[in-house]
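# Structural characterization, general
Spelled out, the chains give:
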Amino acid sequence: METTTTPSKRTGGRSAAVIHNVRTAVEELVEEKGQDRVTVPMIAERAGVNPTSIYRRWGDLPTLINDIATYRLDPGRPLPERGDLHDDLVGWARELVDHYRKPVNAALLRGGASAAGERQSDCLRDRRTEAGMLLARHPESPVTADEIIDGVIAPIIYRVIFLPWTLDDGTADRLVARLFQ
C-alpha cells in the first residue's frame, strides 16, 4: 500500500515573518526615537531585512508608517455590540481613545496622517467603514456616518495629534452624548 503525504501548509511563511518583524521594528523605533527620527535603513537593520524588502513592499517610509499606524485597528475586528447605537458608539470610541492614549500609537497616527497628504488616510477610511458597519446594525439611526466622523472620530483624532493630554476616560462618553443631543 502506497502512502502519500501532503505537504503541511505554511502559516504565513517568510512574508508574514518579514511584515511582523518590520512592524515590530517600526513600533520600537518610534517609541525610542520618535517618528521623525526613524529611517528605512534603521527599520531594516532592526527587523533583520534588507531595505529593498521594505521599499518593495511599502514603496516609501510614509506609506510604511501609514500602514503600521492602522493595522492594529483592523476594520475586520469585532466591533462593540451592546444593543443600541449610542452604547455601541461609546464602546467603539472608548476603544479608539484607549488605543491612541498609548504614545507609540499616537506617534504612528501622526506619521500616518502626515503621510496621507491630500488623500484620505487609512485611518479615516477604516473609521468610516466601521461607522457604516455600526449604522447598518441600527437602520433607524438618527445620525449619519459623516456626523459620527465629524462629532466623535474627528475630535478624538484632533486630540491625539494636537492635545494628547486631553484624552481621558470620559472623552468617548462626552463626544457620543453630544452627538445625540
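First, a word on what this report is: a plain description of the structure on this page. What you see is a predicted model, and the numbers here were worked out from it, not measured in a lab. (Residues numbered from 1 in each chain as written. Predicted model: local features only at pLDDT ≥ 70, side-chain atom pairs only at ≥ 80, totals over all residues. Heavy atoms only, no water.)

## Here's the deal with the overall build of the chain
Scanning the chain for helices and strands turns up nine helices and zero strands. Within the chain, the fraction of its 181 residues that count as buried is 43%. Long-range contacts, defined as pairs at least 24 residues apart, comprise 66% of the intrachain contacts of the chain with a sequence gap of at least 6. Total accessible area computed for the chain in this model is approximately 10300 Å², and 51% of it derives from carbon and sulfur atoms. (Helix = DSSP H or I, 4+ residues; strand = E, 2+ residues; numbered from the N terminus. Buried < 20%, exposed > 50% of the residue type's maximum accessible area, 1.4 Å probe, protein only. Contact = heavy atoms within 4.5 Å. Areas by Shrake-Rupley, 256 points an atom, 1.4 Å probe, with all protein chains shown as cover.)

## Focus on the pattern of salt bridges
For the structure on display, the rule yields nine salt bridges. Taking the shortest distance from any N to any O, the salt bridge between D88 and R137 comes out at 3.3 Å. Here the residue D88 occupies a position in helix α5 (residues 85-100), and R137 occupies one in helix α7 (residues 122-137), the gap between them amounting to 49 residues. Take R137: its relative accessible area is 30%, and that puts it in the partly exposed class. Here R127 and E130 are joined by a salt bridge, their closest N and O atoms 2.9 Å apart. One end of the pair is R127 and the other is E130, both in helix α7 and three residues apart, which spans about a single turn. Under the relative-accessibility criterion, R127 is labelled buried at 1%. Connected through shared salt-bridge partners, E28, E32 and R46 make up one network. (Salt bridge = Lys/Arg side-chain N within 4 Å of Asp/Glu carboxyl O.)

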